[in-house]
Amino acid sequence: MDIKAAVVREKGGKFLIEDMQLEDPRPNEVLVRVVACGVCHTDLGVRDQYYPTPLPCVLGHEGSGIVEKVGADVTSVKPGDPVVMSFLSCYACNTCKSGLPGYCNGMYLHNFSGGRPDGSSPLSQNGERINGCFFSQSTFATHALANEGNIVKVPADIPLELLGPLGCGVQTGAGTVINALRPKAGSSIVVFGVGTVGISAIMAALVCGCTKIIAVDINNERLELAKTFGATHGINGKETDPVKAVQEITGGGADYSVEAIGNPHVLRQAVDCLSTTGFGALVGMTPLGTEVKLDMNGILFGRGLRGVIEGEAVPQIFIPQMIELYKQGRFPIDRLVTYYDFKDINQAIEDLEKGKILKGVLKM
């Protein structure tokens, strides 16, 4: 079928909305009319070739929409169902079978390779291949092919254009706290970087009962905004040493920390600000090969650090849980979002990179 999709053709290039052709769904695939798609820093990292996803490629991986057609083997959704699309895993390796699909042995193959696992791409332009299947969706487009494994049916009584970011950015921040760190009620947590992922981590910390929730950023407006989402303290990392400030606020160091920027210097701070036996999570995206220096004695005295992918979530379980929190008024994701028309995709990206918005969502 003929669709319109935003393709990036060169490293660091603009997103160009062009006419393309999309294949019919295979037996395990679902054709979705995209209603909206969030813009995520991972899209920009791939545009800038942090990861070797081949270009030209149609990106976009926080899509929501309406099912139009399903493959012969699909049983979980039907035409007309509202859905959110998330990441895809193989569901066959040991980590997937252990309930940790974000660490799938085939994570790159299923999400970043520019095609299906067999190497094919469902996208073409006048007979020439366009790389797609980004996160098994490529939803910077009017229509997308997803796999049944990364489709989540959602309630019809919530605006569908609001829900796409639950598939990645919001899921990553909230899940890192709820699923990976699992803070105890009354504990302290510091979040470095208060974009969508960081704000989602703050909202989740509030849900978990953390009583000292410290936001660190270099944008004072963001810090004030973070307080409206649940942060109890804000630290400008350019004006104040955040490690000393956190130690003063907590009386020795935070129980937990989240690095949501992807900066080696900030990651060092996220470890150094921990109490002994404190635990930190790295979720920020960096180019392959990025290294960080840590004080080995600081780690030796009980501190821990680990990476977290997609909030350690099983999307089919966690996305409905976040929606329920939103319906209860405890997870105000609607306050994260700024909407743009699809044609204004490059403006949305510019505003995101300049820190003018938290989460840009493209309406198709």
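Described in the following lines is the structure provided in the data block. If you're wondering where the values come from, they're calculated on a predicted model, not measured in any experiment. (Residues numbered from 1 in each chain as written. Predicted model: local features only at pLDDT ≥ 70, side-chain atom pairs only at ≥ 80, totals over all residues. Heavy atoms only, no water.)

### What to know about the packing of aromatic side chains
Following the criterion strictly, the structure yields 6 aromatic pairs and no others. When the ring of Phe-15 is compared with that of Phe-140, the centres are 5.6 Å apart and the planes differ by 85°; the resulting orientation is edge-to-face. You can see Phe-15 sitting in strand S2 (residues 15-22) and its partner Phe-140 sitting in the loop between strand S8 (128-130) and strand S9 (143-147), a full 125 residues away along the chain. The buried category is assigned to Phe-15, whose relative accessible area is 3%. Ring geometry for Tyr-108 and Phe-112: centres 6.3 Å apart, planes at 15°, overall stacked. Relative accessible area serves as the criterion here: at 9%, Phe-112 is assigned to the buried category. Through successive ring pairs, a cluster of aromatic residues spans Tyr-51, Tyr-108, Phe-112, Phe-134 and Phe-135. Over the face of the ring belonging to Phe-229 we find Arg-335, whose NZ or CZ atom lies 4.0 Å from the ring centre. The ring of Tyr-339 has Lys-363 sitting right over it, with the charged end atom 4.5 Å from the ring centre. (Phe/Tyr/Trp six-rings, centres within 6.5 Å; stacked < 30°, edge-to-face > 60°. Helix = DSSP H or I, 4+ residues; strand = E, 2+ residues; numbered from the N terminus. Buried < 20%, exposed > 50% of the residue type's maximum accessible area, 1.4 Å probe, protein only. Lys NZ or Arg CZ within 6 Å of the ring centre and 35° of its normal.)

### Looking at empty space enclosed by the protein
One pass over the structure, following the stated rule, counts 1 cavity of 30 Å³ or more. Estimates place the volume of the largest cavity at around 60 Å³. Taken together, Ile-3, Leu-22, Val-58, Pro-122, Leu-123, Cys-133, Gln-137, Ser-138, Ala-141, His-143, Ala-144 and Leu-145 make up the lining of the largest cavity. By residue class, the composition of the lining of the largest cavity is 9 nonpolar, 3 polar and no charged. (1 Å grid on protein atoms, 1.4 Å probe; cavity = no way out; pocket = protein on both sides within 12 Å on 5 of 7 lines; lining within 4 Å. Points joined across faces, edges and corners; volume = space filled by probe spheres on them. Nonpolar A, V, L, I, M, F, W, Y, C, P; charged D, E, K, R; others polar.)

### Examining the layout of surface pockets
Quantified by volume, the second largest pocket comes out at close to 190 Å³. If you go around the second largest pocket, you meet 14 residues; those closest to its centre are Glu-29, Arg-116, Pro-117, Ser-136 and Asn-147. With 3 residues, the top contributor of residues to the lining of the second largest pocket is S9. For the lining of the second largest pocket, the per-class residue count stands at 5 nonpolar, 5 polar and 4 charged.

### A short note on the sheet that holds strand S4 (residues 57-58)
Taken together, 5 strands build an open sheet; the order of strands is S4-S1-S2-S7-S8 and the sheet is antiparallel. This sheet does not close on itself; its edge strands, each paired only once, are S4 and S8. When S2 meets strand S7 (residues 123-125), the two strands line up antiparallel, connected through 2 bridges. Its bridge partner being in S7, Gln-21 is matched across the sheet by Ser-124. (Pairing = 2+ DSSP bridges.)

### Things to note about the pairing of S2
Of the strand pairs in this sheet, strand S1 (residues 2-8) and S2 are connected by 7 bridges, and their pairing is antiparallel. In the strand pairing of S2, Asp-2 is matched with Gln-21. Where S1 folds back onto S2 in an antiparallel hairpin, the turn is made up of 6 residues, including Gly-12, whose phi is positive at roughly 75°.

### Quick word on the environment of Thr-53
Looking at the element boundaries, Thr-53 is found in the loop between helix H1 (41-47) and S4. Through-space distance from the C-alpha of Thr-53 to that of Phe-140 is 16 Å; in sequence the pair is 87 residues apart. The contact partners of Thr-53, leaving out residues within four places of it in the chain, are Val-46, Tyr-108, Phe-112 and Gly-114. Looking at Thr-53, its side chain comes within polar contact range of the main-chain oxygen of Phe-112, at 2.7 Å. (Contact = heavy atoms within 4.5 Å. Polar contact = N/O pair within 3.5 Å; in protein donor to acceptor, adjacent residues only side chain to side chain.)

### A closer look at the packing of helix H5 (residues 169-181) against helix H11 (residues 315-327)
At a minimum axis distance of 11 Å, the contact between H5 and H11 shows a crossing angle of 95°. On the basis of the axis angle, H5 is roughly perpendicular to H11. Of H11, the residues touching H5 (which contributes Val-170, Gln-171, Ala-174, Gly-175, Ile-178 and Asn-179) are Pro-315, Phe-318, Ile-319 and Met-322. When the residues that make up the contact of H5 with H11 are grouped by side-chain class, the tally is 7 nonpolar, 3 polar and no charged. (Axes fitted to C-alpha atoms, helices over the stretch in contact; angles between N-to-C directions. Parallel < 35°, antiparallel > 145°, perpendicular 65-115°, else oblique.)

### Description of the pattern of salt bridges
One pass over the full model with this rule turns up 17 salt bridges. Between Asp-272 and Arg-268 there is a salt bridge, with the nearest N and O atoms lying 2.8 Å from each other. Pair noted here: Asp-272 and Arg-268 are both in helix H9 (residues 264-272), with a separation of 4 residues, about one helical turn. Using a relative accessible area of 27% as the deciding quantity, one classes Asp-272 as partly exposed. Connected through shared salt-bridge partners, Glu-23, Glu-29 and Arg-116 make up one network. (Salt bridge = Lys/Arg side-chain N within 4 Å of Asp/Glu carboxyl O.)

### Side note on the side chain of Asn-236
Tracing the sequence through the fold places Asn-236 in strand S13 (residues 233-236). There is a polar contact of 3.5 Å between the side chain of Asn-236 and the backbone oxygen of Ile-218. Beyond its immediate sequence surroundings of up to four residues, Asn-236 is in contact with Asp-217, Ile-218, Asn-219, Asn-220 and Leu-223.

### What to know about the nonpolar core
Counting residues in hydrophobic clusters, the biggest one holds 48 residues, and the most contacted among them are Leu-163, Ile-189, Ile-199, Ile-202, Ile-333 and Leu-336. Among the elements that line this core, the one with the most residues is helix H6 (residues 196-208), at 6 residues. Not counting residues up to four positions away in its chain, the partners in contact with Leu-163 are Val-84, Val-154, Ile-158, Ile-323 and Ile-333. Judged by nonpolar contacts, the second largest core, of 35 residues, contains Cys-57, Phe-87, Phe-140 and Ala-141. (Core = buried A, V, L, I, M, F, W, Y, C linked by side-chain atoms within 4.5 Å.)

### Describing the pairing of strand S14 (residues 254-259)
When you tally the buried positions in S14, you get 5 out of 6 residues, the bulk of the element. Judged from the 4 bridges that link them, strand S11 (residues 188-192) and S14 form a sheet pairing that is parallel. The residue bridging Ile-189 from the neighbouring strand is Tyr-256, located in S14. For S14 and strand S15 (residues 274-282), the ladder comprises 5 bridges, and the chain directions are parallel. Paired with Ala-254 across the two strands is Leu-274, which belongs to S15. At this point the chain moves from S14, through H9, to the parallel S15, and the crossover so formed is right-handed. (Right-handed = clockwise from strand over helix to strand, strands pointing away.)

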